[in-house]
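So you can see what is in the structure, the chains are spelled out below.
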Amino acid sequence: MDRDWMPDELAHAGPEHLDPDFVGGFDRKQGRPDPGADITLLRSRGLSAESVVVDLGAGTGQFAVPAARHFGRVVAVEISPVMRDVLRERATAEGLPALECVRGGFLTYEHSGAPADAVFTRHALHQLPDFWKVLALRRIAGMLRPGGVLRLHDLLYDFAPEQAESVLDDWLAKAPEDPATAYTREELAEHIRTEHSTFRWLFEPMLTAAGFEIADSSFRASVFASYTCVKR
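Quick caveat, the model's predicted, so the values are computed rather than measured.

Draft legend 1. Broad picture of the sheet that holds strand β1 (residues 52-56). Read across the sheet, seven strands follow the order β3-β2-β1-β4-β5-β7-β6 without closing on themselves; strand pairing throughout is mixed. Two strands in the sheet have a free side with no partner beyond their single neighbour: β3 (99-103) and β6 (212-220). The average undirected angle you get between the axes of adjacent strands in this sheet is 15°. Bridge count between β1 and strand β2 (residues 73-78): five bridges; the pairing is parallel. Paired with V53 across the two strands is V74, which belongs to β2. Of the strands in this sheet, β4 (116-122), β5 (144-155) and β7 (224-231) touch helix α3 (residues 36-44), which is tilted by about 160° from β5.

This is the structure we're talking about:
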């Protein structure tokens, strides 16, 4: 896609992800999520040492780096140049020839070579408004082989509109206070105000319209979603 009405994906990346100081503490702030369960899930779906995996919004490589030890080709797609620098340093330090680091985002990455067997994305799609989410999901489906897997984690709202105040107030009230180890109340409130998490009952039809079947979904605290989807 290359049109004059396209958004600047770098502008949607979140200014903190362009800040070297923030990126330096990113893994600690994220809680260093364990990628093992996602890798195991993809292997249970038939992926192997010959498989192609695309990580969209790869960040510092929390998933892409360990995934490159298990799969034949892992393409880490990241729009932030600061994040890409960290990711490349890690790939070089660990000697991972299967890992490619590519500049791009949901709306700009152009996949080449064999179709992907899986696409992974974690806490990144909410940067886009709903219209662009749908187009991004269609592009993801376009890079996957038939039967390919989309494994998605994101902040989505699993509650009715009339529950918004109580659920979000409760979520913010339980937020940690240390910004070095987690996202604080103030940061979560900024997410709600300025980013584009959407309702589950809006998001799931987007997946269907983009050509996916939802194989599995789960929610934690009504805001943290995980989906396994299969391209029809």
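Draft legend 2. Looking closely at helix α9 (residues 200-209). Along α9, the residues classified as buried are F203, M206 and L207. Buried positions in α9, seen along its axis, are confined to an arc of 100° and lie on one side of it. Buried residues along α9 sit against α6 (130-143), β5, β6 and β7. Residue G211 follows α9 closely and has a positive phi angle near 105°.

Draft legend 3. Structural detail: unusual backbone geometry. In this structure, R32 takes a positive phi of about 45° despite not being glycine. Turning to its location among the elements, R32 is positioned in the loop between α2 (26-30) and α3. Under the relative-accessibility criterion, R32 is labelled exposed at 58%. Positive phi, normally seen in glycine, also occurs at S222, with a value near 65°.

Draft legend 4. Expanded view of the side chain of D154. Mapped onto the secondary structure, D154 falls in strand β5. A polar side-chain atom of D154 sits 3.2 Å from the main-chain amide nitrogen of L125. Setting aside residues no more than four positions away along its own chain, D154 makes contact with H123, A124, L125, H126, V223, F224 and A225.

Draft legend 5. Layout of the pairing of β1. Along β1, five of the five residues are buried, which leaves the element largely enclosed by surrounding structure. Burial of the side chains of β1 extends over both faces: V52, V54 and L56 are buried on one face and V53 and D55 on the other. With four bridges connecting them, β1 and β4 associate as parallel partners. Looking at β4, one finds that L56 is bridged to T121.

Reading the values: the criteria
- The numbering scheme is per chain: residues are counted from 1 as the chain's sequence reads.
- Per-residue local features are limited, in this predicted model, to residues with pLDDT of at least 70; the limit for side-chain atom pairs, both in listing and counting, is 80 or more; totals at the level of whole chains, interfaces and linings are taken over all residues.
- Processing note: side-chain calculations cover all non-hydrogen atoms of the structure and skip hydrogens and water entirely.
- Strands qualify as paired when DSSP identifies two bridges or more between them.
- Going along the chain from the N terminus, every DSSP run of H or I of four or more residues is numbered as a helix, and every run of E of two or more is numbered as a strand.
- Axis geometry follows a simple rule: fit a line to the C-alpha atoms, using only the stretch in contact for helices, then measure angles between N-to-C directions, giving values from 0 to 180 degrees.
- By definition in these notes, contact holds between two residues if any of their heavy atoms fall within 4.5 Å.
- Residue exposure (1.4 Å probe, protein chains only): buried if accessible area is under 20% of the type maximum, exposed if over 50%, otherwise partly exposed.
- Taken from the helix axis, the directions to the C-beta atoms give the arc we talk about.
- Polar contacts here mean pairs of N or O atoms no more than 3.5 Å apart (in protein, one a potential hydrogen donor and the other a potential acceptor; neighbouring residues in sequence count only if both atoms are side-chain atoms).

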